[in-house]
Amino acid sequence: MAELIFLEPVFKEVIWGGDALHTRFGYDIPGDHTGECWAVSGHKNGDCRIRGGLWDGCTLGQLWKEHRELFGGEEGDQFPILIKLIDARQDLSIQVHPDDVYAREHENGSLGKTECWYILDCEPGTEIIIGHNASCKEELKQMIDEGRWKELLRTHPIHRGDFFQIEPGTIHAIKGGTLLIETQQSSDVTYRVYDYGRLQDGKPRPLHLKQSLDVITCPSSVKDSLREVEETEDYRLEKLVECAYYGVEHLTLHGTASRRTPALYEMVGVLDGEGAVGKTAVKKGDFFLIPWGYGDYELRGEMELMIARPGKI
Ligand code: ZN
């Protein structure tokens, strides 16, 4: 019988990070500027190790290469999904990601990046940047050259429980005071458009204006998300998105929820509380994989969970 595969997170220190990954999730973080927890990753820049069980000490990237049966034989030369917790104490740079076609050609065969955000917590009055107000590339270039950021960028107020799907080519930025969980294609390609003139180790971080102008969609278009809700006495399941790269659900559990066998595999994160998957105890901060062949399963407890699965390309 297949077993759950628990993952050890990889942490990233960045100028905009804070300590919420420790205070909120209890993780042993490397410092007070820890911005990212790569909770499910097979990416070479932060490949998660397996904790306990049959595969103890292997990395997810290794399992993907050597034990593809665990993933239902899904194709592809790298594990396709990356799930991160992000603690933005300060603003992240204004940025954009390429799609698969552009990334393959310009970034050594890397995947493009479609990503989505679920807001776990934010300070009152916090905003997020998604999209822009330029009508065409010429106007976009001009506004960037002239530094007319306020006029150019679209800001939206955010609250706990908000969800945003960010297509490649969409200019975006997370602002300080936001704690969120991000599900994305397994890619580390980010084009920085503007970094508020900040310095890191005495130097500005590089900008990528040519690539940004190549890939930013004009005019901006933002799709509405799915947000289908299934509610029983025991749980509230919200289907957030279903796209070519991933499907993501948010589950609030006060009792029991039965889950059908995943078509391939599922990735589950416990965002709050504790409980069990079948006979295995799980708690806040745990991220694990339900491998192919695990079968129908039952979730029990008082928990808030994020459940993701690979898309259907
Ligand atoms: Zn991004």
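The model shown is predicted, which means the values in this text are computed figures rather than measured ones.

Engineer: Which residues make up the layout of surface pockets, and what are the values?
Structural biologist: Approximately 420 Å³ is the volume found for the second largest pocket. In this structure, the second largest pocket is lined by 26 residues; those nearest its centre are Glu 36, Lys 84, Gln 95, Asp 188 and Thr 190. Counting residues per element, the ones that place at least two in the lining of the second largest pocket are β2 (10–18), β3 (34–40), β5 (81–88), β7 (115–122), β11 (172–174), β12 (178–185) and β13 (191–194). Looking at the lining of the second largest pocket, the element that brings in the most residues is β2, giving three residues. Within the lining of the second largest pocket, the residues separate by chemical class into nine nonpolar, seven polar and 10 charged.

Engineer: So, the environment of Arg 49: which residues are in play, and what are the values?
Structural biologist: Relative to the helices and strands, Arg 49 is located in strand β4 (residues 49–50). It is 29 Å that separates the C-alpha atoms of Arg 49 and Gly 177, two residues lying 128 residues apart in sequence. When residues no more than four places from it in sequence are discounted, the contact partners of Arg 49 are Phe 6, Leu 7, Glu 8, Gly 57, Cys 58 and Thr 59. Polar side-chain contacts of Arg 49 include one of 2.4 Å to the backbone oxygen of Gly 57.

Engineer: So what's going on with the domain arrangement of the protein? Residues and values would help.
Structural biologist: Frequently, the measure chosen for interface size is the accessible area that the parts lose on association. Splitting the protein by domain gives domain 1 (8–215) and domain 2 (228–310). Its C-alpha centre places domain 1 at a distance of 23 Å from the equivalent point of domain 2. Of the residues lining the interface, 31 residues belong to domain 1; the matching set on domain 2 comes to 23 residues. Surface buried jointly by domain 1 and domain 2 totals about 2,300 Å² across both partners, of which 68% is contributed by carbon and sulfur atoms. Taken together, the connections running from domain 1 to domain 2 amount to two salt bridges. Residue Glu 304 is joined to Arg 160 by a salt bridge in which the shortest nitrogen-to-oxygen separation is 3.1 Å. On inspection of domain 1 and its partner domain 2, the count reaches 11 residue pairs in polar contact (both at pLDDT 80 or more). At the level of secondary structure, the elements contributing two or more residues to the side of domain 1 that touches domain 2 comprise β3, α2 (60–66), β5, β7, β10 (163–166) and β12. Taken together, the residues of the side of domain 1 that touches domain 2 break down into 18 nonpolar, six polar and seven charged.

Engineer: How would you sum up the coordination of the zinc ion? Please name residues and give values.
Structural biologist: Within the protein, the zinc ion binds to His 97 (NE2), Glu 115 (OE) and His 172 (NE2); these donor distances fall in the range 2.1 to 2.3 Å. Under the relative-accessibility criterion, Glu 115 is labelled buried at 1%.

Engineer: With reference to specific residues and values, describe the pattern of salt bridges.
Structural biologist: Enumeration over the complete set of coordinates arrives at 22 salt bridges. As a salt-bridge pair, Arg 205 and Asp 195 come within 3.0 Å of each other at their nearest N and O atoms. Of this pair, Arg 205 sits in the loop between β15 (203–204) and α6 (209–215) while Asp 195 sits in the loop between β13 and β14 (199–200), and the two are 10 residues apart along the sequence. Look at Asp 195 and you get buried, because its relative accessible area is 4%. Within this structure, Glu 242, Glu 249, Arg 259, Glu 266 and Arg 309 form a network of salt bridges that share partners.

Engineer: Describe the environment of Asp 91, naming the residues involved and giving the relevant values.
Structural biologist: Examined against the element boundaries, Asp 91 turns out to sit in the loop between β5 and β6 (94–96). Considered as a pair, Asp 91 and Arg 49 are 42 residues apart in the sequence and their alpha carbons are 30 Å apart. Leaving out residues up to four positions away in the same chain, Asp 91 has contacts with Trp 16, Ile 174, Lys 175, Gly 176, Tyr 196 and Arg 198. Within the structure, the side chain of Asp 91 is placed 2.8 Å from the backbone nitrogen of Gly 176, a separation counted as a polar contact.

Engineer: How would you summarise the side chain of Ser 41 if you had to cite specific residues and measurements?
Structural biologist: With respect to the element layout, Ser 41 can be found in the loop between β3 and β4. Reaching out from Ser 41, the side chain makes a polar contact with the backbone oxygen of Gly 46 at a distance of 2.5 Å. Ignoring sequence-local partners within four residues, the contact set of Ser 41 consists of Gly 46, Asp 47, Cys 48, Leu 60, Ile 81 and Leu 82.

Engineer: How would you sum up the side chain of His 172? Please name residues and give values.
Structural biologist: Of note, His 172 is situated in strand β11. At a separation of 2.9 Å, a polar atom in the side chain of His 172 contacts the side chain of Glu 115. With near-sequence residues (within four places) excluded, His 172 lies in contact with Ser 93, Ile 94, Gln 95, Val 96, His 97, Glu 115, Trp 117, Ile 129, Ile 130 and Ile 166.

Engineer: Lay out the pairing of strand β18 (residues 246–259) in plain terms, naming residues and giving numbers.
Structural biologist: Judged from the seven bridges that link them, strand β17 (residues 235–242) and β18 form a sheet pairing that is antiparallel. Pairing of Lys 239 across the sheet is with Glu 249, part of β18. Two elements, β18 and strand β22 (residues 297–310), share 14 bridges in a ladder whose sense is antiparallel. Paired with His 250 across the two strands is Met 306, which belongs to β22.

Thresholds, definitions, all that
Residues numbered from 1 in each chain as written. Predicted model: local features only at pLDDT ≥ 70, side-chain atom pairs only at ≥ 80, totals over all residues. Heavy atoms only, no water. 1 Å grid on protein atoms, 1.4 Å probe; cavity = no way out; pocket = protein on both sides within 12 Å on 5 of 7 lines; lining within 4 Å. Points joined across faces, edges and corners; volume = space filled by probe spheres on them. Helix = DSSP H or I, 4+ residues; strand = E, 2+ residues; numbered from the N terminus. Nonpolar A, V, L, I, M, F, W, Y, C, P; charged D, E, K, R; others polar. Contact = heavy atoms within 4.5 Å. Polar contact = N/O pair within 3.5 Å; in protein donor to acceptor, adjacent residues only side chain to side chain. Domains from an automatic or database assignment. Buried area = accessible area lost by both parts, 1.4 Å probe. Salt bridge = Lys/Arg side-chain N within 4 Å of Asp/Glu carboxyl O. Donors = N, O, S within 2.8 Å, 3.2 Å for Na, K, Ca; no water. Buried < 20%, exposed > 50% of the residue type's maximum accessible area, 1.4 Å probe, protein only. Pairing = 2+ DSSP bridges.

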